[in-house]
Amino acid sequence: MSSIPSVNLQEFLSDDKTQKEKFIKEIGSAFENIGFVALSGHFLSDELVADLYEEIKIFFNQPQELKDSYEIEGIGGQRGYTSFGKEHAKGKKEGDLKEFWHFGQYVENDPKLEAEYPDNVIVKEQPKFNAVGKETFKMLEKTAKYVLRALALHLNLEETYFDDYIKNGNSILRPIHYPPIKDEPKNAVRAAAHGDINLITLLMGAHGKGLQVKNHNGEWVDAIARPDQLMINVGDMLSRLTNNKLKSTIHQVVNPPKELWGTSRYSIPFFMHPVSEMPLNCLENCVDENTPKQFDDITAGEFLHERLIELGLIKK
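An account of the accompanying structure is given in this report. (Residues numbered from 1 in each chain as written. Predicted model: local features only at pLDDT ≥ 70, side-chain atom pairs only at ≥ 80, totals over all residues. Heavy atoms only, no water.)

1. Brief notes about helix α3 (residues 46-60)
Helix length check: α3, at 15 residues, gives a terminal C-alpha distance of 21 Å against a target of 21 Å (1.5 Å per residue), a fit within 8%. Leu 48, Leu 52, Tyr 53, Glu 55, Ile 56, Phe 59 and Phe 60 are the residues of α3 that are buried. With its buried residues spanning 165 degrees around the axis, α3 presents them on a single face. In α3, the exposed residues that point more than 90 degrees away from the buried face are Asp 46 and Glu 47. (Helix = DSSP H or I, 4+ residues; strand = E, 2+ residues; numbered from the N terminus. Expected span 1.5 Å × (residues − 1). Buried < 20%, exposed > 50% of the residue type's maximum accessible area, 1.4 Å probe, protein only. Arc of directions from axis to C-beta.)

Here's what the structure looks like:
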């Protein structure tokens, strides 16, 4: 596959059975063949998107000393600010050329999970920052719920198979700033080739060149969405669960041409995580004689901890 397919979530949400089945077939095929899809018909309004971009641009333009005051030690970067170059891809020594912020889950009616997850960090200097971040988190989480319902049906599961696992899940909204490049990077890119940890990722801001996806032929394909679309991809957790029937595809954000080094890039991925107790054991209907079980049994929480160590965000 040499391009990213497009789908419209409104087909799945319609009362038209044919439209709903069309969406399930198209997104299932895309996730089996390239692991990425461009999705329109989601729950984000243009106004909300514009408000969040405005707020994060103001924040990342703040003095470094102020940003550093929001970097919280001891939580593996799971909330608040993470400074430039601190995260690296699995197997890479060089840090990615980015800084980012994390909004986490807004737990409802679950004291155990409230105690388990770190608190969200409040930016005192920007009254709208946290409110806009929370609303965006909720709308992306809602979008992801229906995408996972479609995938459940594609996998011959109950439509609501994922619902209880993702309610109050350990999801993350990550506004990213790739600052202007001042010097020739030594073996570093804005985001080195990697697969995502989680179930699915919903990406805002893939509207210009930079994001690339490696297809099954080993070729890098530009992943560019329309302004009204989200780029959605399969994460490693979903790949494990489906015994690699749904593909977690390697992707990267490459550095721009030298004449554009002086420009910033912003993108905002939403990493849909389940609760830590979710088993990622390969589904029985994804294992047969032709596709034997490829992964050991593990929970989502155990898998996340392993990967955060590999990324350099948690020390052993």
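So much for the structure itself; the text now carries on.
2. Some points on unusual backbone geometry
Residue Asn 156 is not a glycine yet carries a positive backbone phi of 60 degrees. Note on placement: Asn 156 falls in the loop between α6 (129-154) and α7 (163-166). A positive phi angle, near 55 degrees, is found at Asn 243, a position not held by glycine. Residue classification places Asn 243 among the buried residues on the basis of a relative accessible area of 3%.

3. Some details on the side chain of Thr 201
Tracing the chain through its elements places Thr 201 in strand β8 (residues 200-204). For Thr 201, a relative accessible area of 2% corresponds to the buried category. At a separation of 2.9 Å, a polar atom in the side chain of Thr 201 contacts the side chain of Asn 198. Beyond its immediate sequence surroundings of up to four residues, Thr 201 is in contact with Asp 196, Met 231, Ile 232, Asn 233, Pro 269, Phe 270 and Phe 271. (Polar contact = N/O pair within 3.5 Å; in protein donor to acceptor, adjacent residues only side chain to side chain. Contact = heavy atoms within 4.5 Å.)

4. Comments concerning the state of the cysteines
Should the sulfur atoms of two cysteines be covalently bonded, the bond is a disulfide. In total, this model carries zero disulfides according to the counting rule given. In this structure Cys 286 is a free cysteine whose sulfur lies 8.0 Å from that of Cys 282, the closest cysteine sulfur available. (Disulfide = S-S within 2.5 Å.)

5. As for the pattern of salt bridges
Enumeration over the complete set of coordinates arrives at 14 salt bridges. Asp 236 is the partner of Arg 307 in a salt bridge, and the nearest nitrogen-oxygen pair spans 2.3 Å. Of the two residues, Arg 307 sits in helix α9 (residues 300-310) while Asp 236 sits in helix α8 (residues 236-241), which places them 71 residues apart along the sequence. For Arg 307, a relative accessible area of 6% translates into the label buried. Owing to a relative accessible area of 18%, Asp 236 belongs among the buried residues under this scheme. The salt bridge partner of Glu 310 is Arg 307, with a shortest N-O separation of 3.2 Å. Pair noted here: Glu 310 and Arg 307 are both in helix α9, with a separation of three residues, about one helical turn. (Salt bridge = Lys/Arg side-chain N within 4 Å of Asp/Glu carboxyl O.)

6. Observations concerning the nonpolar core
If you look at the biggest cluster of nonpolar residues, it comprises 68 residues, and the most contacted ones within it are Phe 59, Trp 101, Leu 151, Ile 200, Ile 232 and Leu 238. The leading source of residues in this core is α6, at twelve residues. In contact with Leu 151, other than residues within four places in its own chain, are Ile 27, Phe 31, Ile 200, Leu 238 and Leu 246. Residues Phe 36, Ile 176, Leu 203 and Ala 225 belong to the second largest nonpolar core, which totals 14 residues. (Core = buried A, V, L, I, M, F, W, Y, C linked by side-chain atoms within 4.5 Å.)

7. Section: the packing of aromatic side chains
By convention here, two paired aromatic rings are described through the distance between centres and the angle between planes. Counted under the stated rule, the structure contains 15 aromatic pairs. Centre to centre, the rings of Phe 43 and Tyr 146 are 5.9 Å apart; their planes meet at 40 degrees, and the pair counts as tilted. Placement of Phe 43 in the loop between β2 (36-40) and α3 and of Tyr 146 in helix α6 is noted, with a sequence separation of 103 residues between them. Owing to a relative accessible area of 18%, Tyr 146 belongs among the buried residues under this scheme. Between Phe 137 and Phe 270, the aromatic rings sit 5.1 Å apart at their centres with planes inclined by 90 degrees, giving edge-to-face as the arrangement. Here Phe 137 is found in helix α6, whereas its partner Phe 270 is found in strand β13 (residues 265-272), with 133 residues between them in sequence. (Phe/Tyr/Trp six-rings, centres within 6.5 Å; stacked < 30°, edge-to-face > 60°.)

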